[in-house]
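# Structural features, examined
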Amino acid sequence: MSVRIRFLGGAGTVTGSKYLVEHEDQSLLVDCGLFQGYKQLRLRNRDPLPVLPNRIGAVLLTHAHLDHSGYLPLLAREGFHGKVWATPATRDLAAILLPDSGHIQEEDAAFANRKGFSKHAPALPLYTESDALQSLKLLRTVPMQQAFEPLRGWTARFSGAGHILGAASVLLEVGGRRILFSGDLGRPDDALMLAPEPPPAADVVVCESTYGDREHPEEDVLAELGPALQRVAARGGTAVVPVFAVGRAQALLHAIAQLKASGSLPHGLPVYLDSPMAIHSTALFARHLGEHRLSAAQCRDMAQVARMTRSVDESKAIARQHGPKVILAASGMATGGRVLHHLAQYLGDHRNMVVLTGYQAPGTRGATLARGGTQLRIHGQDWPVRAEVVQLTSASAHADASQLLGWLRSLPRAPRRVFVTHGDMEASDALRRRIETELRWQALVPEHGSTRAA
């Protein structure tokens, strides 16, 4: 019986990555992500999977970002009881991200019910913090480059992908096939993370394409971020910086520490990290030295450059602090979390600034701001956008199109086929064309829900 891949997410979109690999009477999921962005995508989170969760034998996580791991609590609640395999750093990050995701969903549902702006009565969370904590009991860790058996007769191996702590590509060997899942690939020149490891030989490659139609600028994040924060500080404004709690928050803290150390920013400019999840994630860098580029001293500087606000009361108190300041808060695309309250507070004043720090998926509030939207809907209310909006083009933690091609080109031999996934249609199709014309390999952008032979 042939090996098949069912694309249950991350196909034609940059969120919801889920790849069901089936052989004979066994199956496993590579990634178990939440859909984000457009409402019609988010509604997929509430649709039942086309396979019963209790029929899935195992899950392999490439990394902890919610668009790759955030569906796991729901999968477990609906009957999945297998093992979830991940690298140690991914396990540590998932233990932070998943309960926080459940907590935020509970808070958002409660807020919607209090304010009465939900179309559902009552509004219910997709899953709870308790669901997330239960799902964490299923996690098992394995180091990079160590072969393991997720199911009887199946072999898997993680290799470093850069991007964020613990992020990995996955080589899966089953039924005489070698299938390589890139996961999210980082940049070879990333300021925080090590370069992705060269890929092993594979028959089929499933490759991400978040930046499949773009190249990163040569300018670095210091050259972009420094002048922006200088401007807002000079006019006494507040910079609200939506950040992903894992990866982007730490990259921005490291950059701000460097800017202050060089005198490019006033040493006394208040900086707040208003995300318990990001605070805990920042601490993990010191626990995983050697898995990133920072020294122990740089990890300390990164952690000390901001005031850590953990409680809701501390978060609310930031608004009472007059004068220029910088607020880093999750989520990175302004899809939820504390950053929404800060945006509602500061968007309407022209002295203030919103700094977008990376890819903004279509349908998100971040994408609305990036394209120059004059209003932003937050908690059922439209808020005018008068603040300056700055989008950093150099802060991405994803490989660009040429870097993705370079990673593919370093395969020891040509694969039979490349499936181009985890990108908007335009980006995925652009990368597909480059693979076919420059590498002369067969490439395909699979449709959501489709099944393909491996």
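Fair warning: this is a prediction, and the values are worked out from it, not measured in the lab.

## Considering the overall build of the protein chain
For the protein chain, the helix and strand inventory stands at 14 helices and 21 strands. The C-alpha atoms of the protein chain give a radius of gyration of 21 Å, which matches the 22 Å a tight globule of 454 residues would have. Taken along the three principal axes of its C-alpha coordinates, the protein chain extends 65 × 50 × 40 Å. When burial is assessed residue by residue, the protein chain has 59% of its 454 residues classed as buried. Taking the contacts inside the protein chain whose residues are at least 6 apart along the sequence as the reference set, 74% of them involve residues at least 24 apart. On the protein chain, roughly 18,200 Å² of surface is accessible, and the fraction owed to carbon and sulfur atoms is 49%. Put simply, the protein chain has 49 plus and 43 minus side-chain charges, and the middle of one group is 3 Å from the middle of the other.

## A few points about the pattern of salt bridges
Following the criterion strictly, the structure yields 21 salt bridges and no others. Linking Glu215 and Arg434 is a salt bridge whose minimum nitrogen-to-oxygen distance equals 3.1 Å. Placement of the pair is Glu215 in the loop between strand E10 (204-208) and helix H6 (221-234) and Arg434 in helix H14 (residues 425-439), with a sequence separation of 219 residues. Glu436 is the salt-bridge partner of Arg432, the closest N and O atoms lying 2.7 Å from each other. Pair noted here: Arg432 and Glu436 are both in helix H14, with a separation of four residues, about one helical turn. Take Arg432: its relative accessible area is 19%, and that puts it in the buried class. Several salt bridges converge on common partners, so that one network encompasses Glu215, Arg409, Arg434 and Glu438.

## Let's talk about the environment of Ala201
With respect to the secondary-structure elements, Ala201 resides in the loop between strand E9 (177-181) and E10. With relative accessibility at 15%, the residue Ala201 sits in the buried group. Sequence separation of Ala201 and Asp424 is 223 residues, and the distance between their C-alpha atoms is 27 Å. With sequence-adjacent residues up to four places away left out, Ala201 is seen in contact with Leu171, Arg178, Leu411, Pro412 and Arg413.

## What about a negative patch on the surface?
Negative charge collects at one region of the surface, where Glu106, Glu107, Asp108 and Glu129 lie side by side. With three residues, the top contributor of residues to the negative patch is helix H4 (residues 88-115). Summarising the element assignment, Glu106 is placed in helix H4. Residue Glu106 is classed as partly exposed on the basis of its relative accessible area, which comes to 32%.

## Comments concerning the pairing of E10
Taken across its five residues, E10 has five buried, putting it largely inside the fold. Of the two faces of E10, the one holding Val204, Val206 and Glu208 and the one holding Val205 and Cys207 are both buried throughout. Here E10 runs beside strand E19 (residues 417-421); their pairing, made up of five bridges, is parallel. Bridge pairing in E19 places Val206 opposite Phe419.

## Digging into the packing of aromatic side chains
Counted under the stated rule, the structure contains six aromatic pairs. Arranged with centres 5.4 Å apart and planes meeting at 35°, the rings of Phe148 and Phe158 form a pair that is tilted. You can see Phe148 sitting in the loop between strand E6 (139-141) and strand E7 (155-160) and its partner Phe158 sitting in strand E7, a full ten residues away along the chain. Neither Phe148 nor Phe158 differs from the other in exposure class; each is buried. Taken together, the ring pairs in this structure connect Phe7, Tyr19, Phe181 and Phe419 into an aromatic cluster. Its guanidinium or amino end placed over the ring of Tyr71, Lys18 lies 4.6 Å from that ring's centre, counting from NZ or CZ. The lysine or arginine in question, Arg44, covers the ring of Phe35, its NZ or CZ lying 5.2 Å from the ring centre.

## Examining the sheet that holds strand E14 (residues 325-329)
Read across the sheet, six strands follow the order E13-E12-E14-E11-E15-E18 without closing on themselves; strand pairing throughout is parallel. At either margin of the open sheet sits one strand with a lone partner, and together these are strand E13 (307-308) and strand E18 (388-391). Relative to E14, strand E12 (residues 271-273) is paired through three bridges, and the arrangement is parallel. Its bridge partner being in E14, Val271 is matched across the sheet by Val326. Those strands touched by helix H7 (residues 248-261) are E12 and E14, and its axis lies near 160° from that of E14.

## Focus: the sheet that holds E7
Judged by pairing direction, the sheet is mixed, and its six strands sit side by side in the order E7-E8-E9-E10-E19-E20 without closing on themselves. On the outer flanks of this sheet lie E7 and strand E20 (443-444), each paired with one strand and no other. Two strands pair when backbone bridges link them, and E9 and E10 are joined in this way by three bridges, in the parallel orientation. Each bridged residue has a counterpart across the sheet, and for Phe181 the counterpart in E10 is Val206. Strand contacts of helix H13 (residues 401-409): strand E8 (168-174), E9 and E10, with the helix running at about 160° to E10, the strand carrying the most contacts. Across the sheet, H14 touches E10, E19 and E20, and the angle it forms with E19 is around 160°.

## Here's the deal with the nonpolar core
What tends to happen in soluble globular proteins is that the nonpolar side chains get buried as a cluster. Of all hydrophobic cores here, the largest spans 99 residues; its most connected members are Leu75, Leu225, Leu328 and Ile435. Of the residues forming this core, the biggest block, seven residues, is contributed by H7. When near neighbours in sequence (up to four residues on either side) are disregarded, Leu75 contacts Leu29, Cys32, Leu49, Pro53, Ile56, Val59 and Phe80. Core analysis: the second largest hydrophobic core is formed by 27 residues, Leu28, Leu60, Trp154 and Phe419 among them.

What counts, and where the lines are drawn
Residues numbered from 1 in each chain as written. Predicted model: local features only at pLDDT ≥ 70, side-chain atom pairs only at ≥ 80, totals over all residues. Heavy atoms only, no water. Helix = DSSP H or I, 4+ residues; strand = E, 2+ residues; numbered from the N terminus. Rg over C-alpha atoms; globule rule 2.2 N^0.38 Å. Buried < 20%, exposed > 50% of the residue type's maximum accessible area, 1.4 Å probe, protein only. Contact = heavy atoms within 4.5 Å. Areas by Shrake-Rupley, 256 points an atom, 1.4 Å probe, with all protein chains shown as cover. Lys, Arg positive; Asp, Glu negative; His and termini not counted. Charge placed at Lys NZ, Arg CZ, Asp CG, Glu CD. Salt bridge = Lys/Arg side-chain N within 4 Å of Asp/Glu carboxyl O. Patch = residues over 30% accessible without salt bridge, like charges linked within 9 Å, V, L, I, M, F, W, Y side chains within 5 Å. Pairing = 2+ DSSP bridges. Phe/Tyr/Trp six-rings, centres within 6.5 Å; stacked < 30°, edge-to-face > 60°. Lys NZ or Arg CZ within 6 Å of the ring centre and 35° of its normal. Axes fitted to C-alpha atoms, helices over the stretch in contact; angles between N-to-C directions. Core = buried A, V, L, I, M, F, W, Y, C linked by side-chain atoms within 4.5 Å.

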